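Here is what each chain is made of, one letter per residue.
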Amino acid sequence: RITSLLFAGRGQAATNTDALRVFVGGVAQSPTNDAITSQPATSTFALDSPIIVEKGKSVTVELHGDKDTVASDDTENWGLTDDGGASVVAYGVSTGNDVTETLTEDDGPTLTSRTSGELTIETVNNPSSAIVLAGTTGNVFSNVKLSSKYEDLRLDQLIVYVADGSYAFSAGAGEYRDFT
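Computed from a predicted model, the values in this text were never measured in an experiment.

A. Highlighting the overall build of the protein. In terms of helices and strands, the protein carries zero helices and 10 strands. Listed by position from the N terminus, the elements making up the protein come as β-β-β-β-β-β-β-β-β-β. Relative to its 180 residues, the protein shows a buried fraction of 19%. Once local pairs closer than 6 in sequence are excluded, the contacts in the protein between residues at least 24 apart make up 69%.

Laid out in structure tokens, this is it:
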């Protein structure tokens, strides 16, 4: 029976990670902790309901949090350290005796906070040349690939510029910028 977990936060970005919550087997546990005010620091979860690990089995424990603000591309780590045996407080379910823990210290993965997403625009799968017949519709003049990185992006406007093909024949009324 695990009654308390202590996660260590490192890196400047850890100070704006809020609503820290432990999940066990995909289920949120109480309480929810506030952000740490400085780093390195720890966040202790005195669990409202203990985590039960059956003999011979294991459970997966995850730490989740909300990213409140990001001022730069700072990094953070969240992990478990021995901290004198205080990282995990556990007792036997039937005996109530203290449990001797064996903890392999780990700072956790390095997480990088981004201030914004990225949009990559590239033309793809376009032929080097093609013949387009007068009077035809539905011709594909260019394929453009838009890729987002770090967050979902909303594209409000895509402006397309058309260049004159410089053919030496006489066209009807209008010019090359008239398109729909």
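B. A look at the sheet that holds strand β5 (residues 61-67). With antiparallel pairing, the three strands of this open sheet are ordered in space as β3-β2-β5. If you trace the sheet from one side to the other, it starts and ends with β3 (27-33) and β5, each paired once. Within this sheet the neighbouring strands show an average axis-to-axis angle of 30°, counted without direction. Judged from the four bridges that link them, strand β2 (residues 17-24) and β3 form a sheet pairing that is antiparallel. Residue pairing for β3: Arg21 is matched across the bridge by Thr32.

C. Looking closely at the pattern of salt bridges. Following the criterion strictly, the structure yields five salt bridges and no others. Across the pair Asp107 and Arg10 runs a salt bridge, and its minimum N-O distance is 3.4 Å. Highlighted residues: Asp107 in the loop between β7 (88-90) and β8 (111-112) and Arg10 in strand β1 (residues 2-10), separated in sequence by 97 residues. For Asp107, a relative accessible area of 36% puts it in the partly exposed group.

D. Highlighting the nonpolar core. Ranked by size, the top nonpolar core spans 14 residues in total, and within it Ile2, Leu5, Phe7, Val22, Phe45, Ile51 and Trp78 carry the most contacts. Residue assignment for this core shows that the elements contributing at least two residues are β1, β2, β4 (41-51) and β7. Residues within four places of Trp78 in sequence aside, it is in contact with Phe7, Ala8, Gly9, Ala14, Thr17, Leu20, Ile36, Ser43, Leu63, Asp107, Gly108 and Pro109.

Criteria and thresholds
Residues numbered from 1 in each chain as written. Predicted model: local features only at pLDDT ≥ 70, side-chain atom pairs only at ≥ 80, totals over all residues. Heavy atoms only, no water. Helix = DSSP H or I, 4+ residues; strand = E, 2+ residues; numbered from the N terminus. Buried < 20%, exposed > 50% of the residue type's maximum accessible area, 1.4 Å probe, protein only. Contact = heavy atoms within 4.5 Å. Pairing = 2+ DSSP bridges. Axes fitted to C-alpha atoms, helices over the stretch in contact; angles between N-to-C directions. Salt bridge = Lys/Arg side-chain N within 4 Å of Asp/Glu carboxyl O. Core = buried A, V, L, I, M, F, W, Y, C linked by side-chain atoms within 4.5 Å.

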